[in-house]
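# Structural features, examined
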Amino acid sequence: ILLRHVFQTSPMPNEDKNIVSEWLLNTDGDFMLYALNKNTKDFVIMNDILGRLPFYYHYDKDMEFIACREIQLLANLKDNNNDCENKLDKIGMAELLLFSHTLGNTTLWSNIYRLEPASLLRVNGKSMKPEIIDLYRFNFEKKENTNASIKNNATKLVSLFSEACKNSADQNSKNIISLSGGFDSRVVAAGVYRNIVW
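Not measured: the values here are computed from a predicted model. Sequence order as written defines the numbering, with residues in each chain counted from 1. Where totals are concerned, whole chains, interfaces and linings use all residues; where local detail is concerned, this predicted model gives features only for residues with pLDDT of at least 70, and gives and counts side-chain atom pairs only at 80 or more. The side-chain values count all of the structure's non-hydrogen atoms but skip hydrogen atoms and water molecules.

### Here we look at the confidence of the model for the protein
When pLDDT is averaged along the protein, the result is 86; 93% of the residues meet or exceed 70. Of the regions scoring below 50 in pLDDT, residues 81–85 engages in two contacts with residues more than four places distant in sequence or in other chains. Confidence of the predictor at the level of single residues is captured by pLDDT, which takes values from 0 to 100. Contacts were defined at the residue level, with two residues in contact if any of their heavy atoms lie within 4.5 Å.

### Topic: the pattern of salt bridges
Only one rule defines a salt bridge in this text: a Lys or Arg side-chain nitrogen within 4 Å of an Asp or Glu carboxyl oxygen. Using the criterion set out here, one finds six salt bridges in the structure. The salt bridge partner of aspartate 48 is arginine 52, with a shortest N-O separation of 3.4 Å. Categorising residues by exposure relies on relative accessible area from a 1.4 Å probe, with only protein chains included: less than 20% of the type maximum marks a residue as buried, more than 50% marks it as exposed, and the intermediate range marks it as partly exposed. Look at aspartate 48 and you get buried, because its relative accessible area is 0%. Residues arginine 122 and glutamate 131 are paired through a salt bridge, measuring 3.1 Å at the closest nitrogen-oxygen approach.

### Describing the packing of aromatic side chains
Side-chain rings of Phe, Tyr and Trp, where Trp is taken by its six-membered ring, are said to pair if the distance between their centres is within 6.5 Å; with planes under 30 degrees apart they count as stacked, over 60 as edge-to-face, and otherwise as tilted. Inspection of the entire model under this criterion finds four aromatic pairs. For the ring pair tryptophan 23 and phenylalanine 31, a centre distance of 5.9 Å and an interplane angle of 65° mean the geometry is edge-to-face. Judged by its relative accessible area of 31%, tryptophan 23 is partly exposed. Between tyrosine 136 and phenylalanine 138 the ring centres are 5.2 Å apart and the planes differ by 85°, which places this aromatic pair in the edge-to-face class. We classify tyrosine 136 as partly exposed; its relative accessible area is 29%. Judged by relative accessible area, phenylalanine 138 falls into the partly exposed class, the value being 38%.

### Description of the sheet that holds strand β3 (residues 56–59)
Strands are labelled as partners when DSSP assigns at least two bridges between them. Each helix is a run of DSSP H or I of at least 4 residues and each strand a run of E of at least 2, with the numbering of both proceeding from the N terminus. The strand order β4-β3-β5 describes an open sheet built from three strands, whose pairing is antiparallel. A strand with exactly one partner marks an edge of an open sheet, and here the two such strands are β4 (65–68) and β5 (112–114). Mean inter-strand twist for the sheet, computed between neighbouring axes without regard to direction, equals 20°. As paired elements, β3 and β4 share four bridges and run antiparallel to each other. Every axis corresponds to a line fitted to the C-alpha atoms, with the helix fit spanning only the stretch in contact, and the corresponding angles, defined between N-to-C directions, vary from 0 to 180 degrees.

### So, the layout of surface pockets
The space that makes up the largest pocket amounts to roughly 1,300 Å³. Method remark: on a 1 Å grid restricted to protein atoms, a set of points is classed as a cavity if a 1.4 Å probe fits but cannot get out and as a pocket if it is open with protein on both sides within 12 Å along at least five of seven lines; lining residues have an atom within 4 Å of a point. Considering the residues around the largest pocket, the lining is formed by 26 residues, among which Leu50, Phe138, Phe140, Leu157 and Leu160 are closest to the centre. Each residue receives one of three labels: charged for Asp, Glu, Lys and Arg, nonpolar for Ala, Val, Leu, Ile, Met, Phe, Trp, Tyr, Cys and Pro, and polar for the others, Gly being one of them. Taken together, the residues of the lining of the largest pocket sort by class into nine nonpolar, eight polar and nine charged. Grid points are joined across faces, edges and corners, and a volume is the space filled by probe spheres set on the points. The space that makes up the second largest pocket amounts to roughly 240 Å³. Along the walls of the second largest pocket sit 15 residues, with Tyr56, Thr102, Gly104, Thr106 and Arg114 positioned nearest its centre. Taken together, the residues of the lining of the second largest pocket break down into seven nonpolar, six polar and two charged.

Here's what the structure looks like:
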């Protein structure tokens, strides 16, 4: 059913966009989905609502389009010369130094971009021209639970986190959690331990 909406004509109708974004909001997981329309040769790639798996693409005026999960491989495929000045993105470098990460779809490499969360990358089968469709953006300025107490918000957060841990674990097989030593992995380990049957 989802495929029916992602292969619509360009620009993507708002109705189809809303259906796909609603599906993303209700689907928990780290994923990249891809599909090929055999009739038109159109190709689509879509990531999860938080864009947890990095995915990079390159497109330039010569109609060269490359996409992959590994940015170093993409940089090598894009340009084999050793001219570092043209390879590195100065804005991306400045963002990294200022914020400890790049912003939006910027990377440290010129003309290499990261697919932002909840995006649909659609490649036209005839022209090979890529189109990026922004399916959903969280609005962090809109605070829905400001009237609730800290205790109620914390309780709701614990409930959502517990549900995510339960959904991520496989109840029928052995689950392995790799601990980095940080607080994040310890909290996930505790959440999984609490929410699966041993």
